[in-house]
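Chain by chain, the residues:
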Amino acid sequence: MSGLLPTALIDTLLERCQEIARAPIKQGIRLVRAVEDIFPESADMLEPIANMVLVPAYRSGREAQDAVIREITHAVGGYDSAMPEQQIALSMLAAQEILGALTFSVSAAQPYEQRSWITAAGAIDLTVSYGATHNGCHELKVVAVLPEGGQLRLRDGDVEKLALRSQPGALDVALSTPALGTTYMLEVFLQSEVSGLNFAIHVADVLA
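About the thresholds
- Residues numbered from 1 in each chain as written.
- Predicted model: local features only at pLDDT ≥ 70, side-chain atom pairs only at ≥ 80, totals over all residues.
- Heavy atoms only, no water.
- Phe/Tyr/Trp six-rings, centres within 6.5 Å; stacked < 30°, edge-to-face > 60°.
- Helix = DSSP H or I, 4+ residues; strand = E, 2+ residues; numbered from the N terminus.
- Buried < 20%, exposed > 50% of the residue type's maximum accessible area, 1.4 Å probe, protein only.
- Pairing = 2+ DSSP bridges.
- Axes fitted to C-alpha atoms, helices over the stretch in contact; angles between N-to-C directions.
- Contact = heavy atoms within 4.5 Å.
- 1 Å grid on protein atoms, 1.4 Å probe; cavity = no way out; pocket = protein on both sides within 12 Å on 5 of 7 lines; lining within 4 Å.
- Points joined across faces, edges and corners; volume = space filled by probe spheres on them.
- Nonpolar A, V, L, I, M, F, W, Y, C, P; charged D, E, K, R; others polar.
- Salt bridge = Lys/Arg side-chain N within 4 Å of Asp/Glu carboxyl O.

A few words now on the packing of aromatic side chains. In this structure the tally under the stated criterion is 2 aromatic pairs. Ring centres of Trp117 and Phe199 lie 5.6 Å apart, and the angle between their planes is 90 degrees; on these two criteria the pair is classed as edge-to-face. Of this pair, Trp117 sits in strand E2 (residues 112-119) while Phe199 is found in strand E9 (residues 197-203), placing the two residues 82 residues apart along the sequence. Given a relative accessible area of 14%, Trp117 falls into the buried group.

Pasting the structure below:
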């Protein structure tokens, strides 16, 4: 999806999505906030379009949403030739994809999640896990394999765990007894990058 949009727009969406990924707000509001600065003259259109973008995902899963994306992109032919409402929809679809890539969700029922993030320096492989340790306490752990030197920082308010290395390889940070229902911020910094990547890690309470 993101490959259909101009690079500058993707960069803007990525920056904005990193700012809002951790916010405890509904997905529709996230999509509006992700694009509102890009389309300041179309404020009245944003919420209805966000609701339209979200409907396939809620009703019938990923395949239906992919079909809607194909239908929009086929009809449009390209971002630059699209109508303003189509550009908003395409931008929101890209933001939805970016937010999904930036957000991890783990719980006792789903204790493990893994993905890769491609950077100019190479791939960052991230693994997030949640589970009981040998002493019976629960632990939130992040393992990152970096393509070059860098650092990890896992934080929530005053709570912070930090790890760094000067060469490519693996780093890990762990937080004991994380609070259920809390979303933690994971910051990944590479030596060659001006700014880091911000990920959100939600520790879900499956009983909620």
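Across the sheet, 5 strands lie side by side as E1-E9-E8-E5-E6; this open sheet has mixed pairing. In this open sheet, the two edge strands, each paired with only one partner strand, are strand E1 (103-106) and strand E6 (159-165). With direction set aside, neighbouring strand axes in the sheet form an average angle of 20 degrees. With 4 bridges connecting them, E1 and E9 associate as parallel partners. Paired with Phe104 across the bridge in E9 is Ile201. Against the sheet, helix H4 (residues 84-102) engages E1 and E9, with an angle of about 50 degrees to E1.

Another point: the sheet that holds strand E4 (residues 138-146). Spatial ordering of the open sheet is given by E2-E3-E4-E7, a layout of 4 strands whose pairing is antiparallel. A single partner strand is all that each edge strand has here, and the edge strands are E2 and strand E7 (169-176). Averaged over all neighbouring strand pairs, the angle between strand axes comes to 15 degrees, with direction disregarded. Relative to E4, strand E3 (residues 122-132) runs antiparallel, the two sharing 8 bridges. Along E4, the bridge assignment pairs Gly131 with Glu139.

Another point: the layout of surface pockets. The computed volume of the largest pocket comes to approximately 300 Å³. In terms of lining, the largest pocket is formed by 16 residues, of which the most central are Leu14, Glu193, Ser195, Gly196 and Leu197. Secondary structure elements with two or more residues in the lining of the largest pocket: helix H1 (7-20), E2 and strand E8 (182-190). In terms of residue class, the lining of the largest pocket is made up of 9 nonpolar, 4 polar and 3 charged.

All chains considered together, the criterion is met by 7 salt bridges. Arg16 is the partner of Glu36 in a salt bridge, and the nearest nitrogen-oxygen pair spans 3.7 Å. Here Arg16 lies in helix H1 and Glu36 lies in the loop between helix H2 (27-35) and helix H3 (43-76), a separation of 20 residues in the sequence. Note that Arg153 is salt-bridged to Glu160, the shortest N-O span being 3.8 Å. A residue is classified by how much of its surface remains accessible, and Arg153, at 23% relative accessible area, is partly exposed.

Looking at the element boundaries, Ile25 is found in the loop between H1 and H2. Taking relative accessible area as the criterion, Ile25 reaches 22% and is therefore assigned partly exposed. Not counting residues up to four positions away in its chain, the partners in contact with Ile25 are Arg30 and Arg33.

Fair warning: the whole summary comes from geometry, so function is off the table for now.
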